[in-house]
Structure formats: C-alpha cells, structure tokens
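# Summary of the model geometry
Each chain is listed here by its residues.
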Amino acid sequence: MPVVHRPSAWNLPNLLTVSRILLVPVFGWLLLHHGGDETAYRLGAFVVFAVAMVTDSLDGDLARRRNSVTDFGKVSDPIADKALTGMALVGLSLIGEVAWWVTGIILAREVAVTVMRFVVIRHGVMPAGRGGKVKTLLQTAALGMLAFPLSVLPGASTWSWIAHAVLIAALVVTVVTGIDYATKAHTLRRTSPRALAKRAARAARRGS
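These remarks concern the structure in this document.

### Looking at the overall build of the protein
Check the secondary structure of the protein and you find 7 helices and 0 strands. Along the protein, helices (α) and strands (β) appear in the sequence α-α-α-α-α-α-α when read from the amino end. Expressed as a percentage of the 208 residues in the protein, the buried residues total 35%. Restricting the contact set of the protein to residue pairs at least 6 apart, pairs at least 24 apart contribute 76%. Carbon and sulfur atoms make up 69% of the accessible area of the protein, which amounts to about 12400 Å² in all.

### Observations regarding the pattern of salt bridges
Pairs can form between side chains of opposite charge once their charged atoms are near each other. The tally for this structure, following the rule as stated, stands at 6 salt bridges. Between Lys184 and Asp180 there is a salt bridge; the shortest N-O distance is 3.2 Å. One end of the pair is Lys184 and the other is Asp180, both in helix H6 (residues 156-191) and 4 residues apart, which spans about a single turn. For Lys184, a relative accessible area of 46% translates into the label partly exposed. Each member of the salt-bridge network shares a partner with another, and the members are Lys82, Arg109, Glu110 and Lys135.

### Let's talk about a positive patch on the surface
Together, Arg122, Arg189, Lys198, Arg202, Arg205 and Arg206 give the surface a local cluster of positive charge. If you tally residues by element for the positive patch, the top one is helix H7 (residues 193-207), at 4 residues. For Arg189, a relative accessible area of 43% puts it in the partly exposed group.

The rules behind each value
- Residues numbered from 1 in each chain as written.
- Predicted model: local features only at pLDDT ≥ 70, side-chain atom pairs only at ≥ 80, totals over all residues.
- Heavy atoms only, no water.
- Helix = DSSP H or I, 4+ residues; strand = E, 2+ residues; numbered from the N terminus.
- Buried < 20%, exposed > 50% of the residue type's maximum accessible area, 1.4 Å probe, protein only.
- Contact = heavy atoms within 4.5 Å.
- Areas by Shrake-Rupley, 256 points an atom, 1.4 Å probe, with all protein chains shown as cover.
- Salt bridge = Lys/Arg side-chain N within 4 Å of Asp/Glu carboxyl O.
- Patch = residues over 30% accessible without salt bridge, like charges linked within 9 Å, V, L, I, M, F, W, Y side chains within 5 Å.
- Lys, Arg positive; Asp, Glu negative; His and termini not counted.
- Charge placed at Lys NZ, Arg CZ, Asp CG, Glu CD.

Any functional reading would require information that these geometric values do not contain.
See the structure below:
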C-alpha cells in the first residue's frame with residue numbers, strides 16, 4: 001500500500017493563522033482604548049488590522065504553494081477571519097462608528113452560513129464563490145477605513161462618507177451572497193449523491 005504523506009500542522013501557514021487569532025484581542029484593546037478617542041491607539045488598531053489582513057492573504061497562498069494544507073488550517077483559518085471581522089464590527093459599534101443594526105445583520109449572516117456549512121457537509125463541500133471574495137474585500141476595506149482615525153485626514157467628512165458607503169456596499173453583498181449560499185445549500189441537500197441514494201432506497205422500500 002502506498003504511504004500517504006500528510007503535511008504537519010506545525011507549518012508556517014498555520015503559524016500565520018494562529019498569529020492572526022492572537023492579534024484579535026490586541027486589535028480590540030487598541031480600538032476601544034479610551035472609547036476610541038485617542039489617535040495614536042486608533043492608528044495602532046489600524047496597523048494591527050492591516051497586518052492581520054496581510055497574514056490572511058499569505059497563509060492560504062503559502063499552504064497551497066507548499067502543499068501544506070492541513071485539517072487544522074481548514075478549520076482555524078475561517079475562525080480567525082470571523083473573529084477579526086466580528087471584533088472589528090462590535091468594536092466599531094461600541095465606539096459609535098458603525099450602526100448596531102449593520103453589525104447585527106452581518107454577524108447573523110456569518111453565523112447562519114457557518115451553521116449551513118456544518119449541515120450540508122455530509123452532502124459535499126461548497127467552495128467560496130466570487131461573491132464571497134467580493135464580500136470579504138468590501139468588508140475589509142470598510143472596516144480598515146473606519147478603524148483608521150479619519151479625523152486626522154484633510155476632508156475627514158468625505159473620507160467618512162466613503163468608508164460608510166463601502167460598508168453599505170459590503171452589507172448588500174453580504175446579504176445577497178448569504179441568500180445565494182442558502183439556495184445552493186438547499187439544492188445540494190436535494191441533489192447530492194447521498195440525497196439521491198437515500199431517496200432511491202426509500203422508493204425501493206415503498207415498492208417492495
């Protein structure tokens with residue numbers, strides 16, 4: 001029997017993912033320090049957020065390039081992403097930069113999609129689509145801009161308007177892709193080989 005080589009979980013991509021998780025409380029502390037009113041801490045929060053986003057783009061690319069994709073990475077990478085996004089949304093709502101209803105809708109969608117992934121995993125894996133990548137890009141851009149102390153920039157009100165416009169665009173894409181994911185998950189549950197086999201077995205029992 002050929003020996004199947006499984007990459008070790010102790011690798012650079014997973015280390016980057018773990019570092020992103022560890023940066024979440026650091027980002028939260030800097031963002032919320034003194035109610036988000038101190039420019040230096042807001043700048044620090046922005047830098048930490050930017051570094052975390054860089055690790056997000058690096059870990060997956062490195063894992064695929066080095067053939068070191070692991071089960072640990074598959075589980076921990078989305079956890080790290082959702083933890084950082086969730087901390088950014090809640091933190092920005094706490095300091096009054098993002099309306100709570102926006103945070104509630106986005107977080108509810110993320111939780112719902114995560115639950116659906118577990119529900120349909122027996123029927124197959126649904127890869128991230130182009131819409132999901134656009135959603136992530138828009139969310140990252142909006143949250144990064146809002147974490148930055150825009151008041152120090154010339155034309156601060158214009159930058160704030162742009163940041164919130166990007167956030168609304170991210171919200172729309174988040175909702176649309178969530179509905180699309182739910183539709184595809186429902187279709188997968190009905191048309192997967194597992195579902196078809198179960199229906200065929202039930203039909204055979206009824207016919208016997």
